[in-house]
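So you can see what is in the structure, the chains are spelled out below.
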Amino acid sequence: MQDTSTAPEVRVCAATDLVNGGLGVKVPVADGAGRTTAFFVRYQDRVHGYLNRCAHVGVELDWEGSFFTRAGDLLMCARHGATYQPDTGLCVGGPCKNGRLTALSVQEREDGVYWQPAGKIRPLEDAA
């Protein structure tokens, strides 16, 4: 049976911290498979959040907070070169073709970017 409960929302960062195609913001989390991070990026003026696990092998995607290709149009796994659509998480190139990143519920408001944890993915301090 899947855990569908929700936790209080988490303020991730100021909205201005995320720039289209720029660096992402990472938050420590845990899910059913252990400790990892979640990441939040801005693409085409909208904020998106994902569990930081490549659909191919499960390693974290980024290299020092960088998730986007140099062109800023795709998310890319720094280890395998798999590429993902930033707005859907769909793998469009590489060994995980047609796989998908795990999307998170994100809202942007005037005072910041907020994540609404649900299911097994929790902020690390809530996951104990």
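About the cut-offs
Residues numbered from 1 in each chain as written. Predicted model: local features only at pLDDT ≥ 70, side-chain atom pairs only at ≥ 80, totals over all residues. Heavy atoms only, no water. Helix = DSSP H or I, 4+ residues; strand = E, 2+ residues; numbered from the N terminus. Rg over C-alpha atoms; globule rule 2.2 N^0.38 Å. Buried < 20%, exposed > 50% of the residue type's maximum accessible area, 1.4 Å probe, protein only. Contact = heavy atoms within 4.5 Å. Areas by Shrake-Rupley, 256 points an atom, 1.4 Å probe, with all protein chains shown as cover. Lys, Arg positive; Asp, Glu negative; His and termini not counted. Charge placed at Lys NZ, Arg CZ, Asp CG, Glu CD. Pairing = 2+ DSSP bridges. Axes fitted to C-alpha atoms, helices over the stretch in contact; angles between N-to-C directions. UniProt positions renumbered as here; feature names shortened; annotations may be inferred.

Asks: Any chance you could break down the overall build of the protein for me, citing the residues and the numbers?
Replies: Within the protein, the secondary structure is distributed over 0 helices and 11 strands. Reading the secondary structure of the protein in the N-to-C direction produces β-β-β-β-β-β-β-β-β-β-β. Expected size for 128 residues packed as a compact globule is a radius of gyration near 14 Å; at 14 Å, the protein falls within 12% of this value. Seen through its principal axes, the protein has C-alpha atoms that stretch 35 × 35 × 20 Å. Counting all 128 residues of the protein, 45% fall into the buried class. Intrachain contacts of the protein at a sequence separation of at least 6 include 50% that bridge at least 24 residues. Summing over all exposed atoms, the protein offers an accessible surface of approximately 7000 Å²; the carbon and sulfur share of this is 48%. If you average the places of the 13 positive and of the 15 negative side-chain charges in the protein, the two averages end up 6 Å apart.

Asks: Outline the sheet that holds strand S1 (residues 10-13), supporting the account with residue identities and numerical values.
Replies: The strand order across the open sheet built from 3 strands is S1-S10-S9, with neighbouring strands paired in antiparallel fashion. Unpaired on one side and paired on the other, S1 and strand S9 (106-109) mark the two borders of the sheet. Between one strand and the next, the sheet's axes are offset by a mean angle of 35°, whatever the strand orientation. When S9 meets strand S10 (residues 112-115), the two strands line up antiparallel, connected through 4 bridges. Its bridge partner being in S10, Glu108 is matched across the sheet by Val113.

Asks: Give a detailed account of the pairing of strand S3 (residues 34-43), specifying residues and quantitative values.
Replies: Residues in a regular strand point their side chains to alternate faces of the sheet. Of all 10 residues in S3, 8 are buried, a share of seventy percent or more. For strand S2 (residues 25-31) and S3, the ladder comprises 7 bridges, and the chain directions are antiparallel. Across the sheet, residue Asp31 finds its bridge partner in S3, namely Gly34. Relative to strand S4 (residues 46-51), S3 is paired through 6 bridges, and the arrangement is antiparallel. Looking at the pairing, Val41 lines up with His48 of S4. Hairpin connection between S3 and S4: a loop of 2 residues separates the two successive antiparallel strands, and Gln44 in this loop has a positive phi of roughly 50°.

Asks: Report on the UniProt feature "domain: Rieske" (unreviewed entry) in the protein, specifying residues and quantitative values.
Replies: Mapped onto this structure's residue numbering, the UniProt feature "domain: Rieske" (unreviewed entry) falls at residues 10-115. Its end C-alpha atoms 5 Å apart, residues 10-115 is made of 0% helix and 42% strand.

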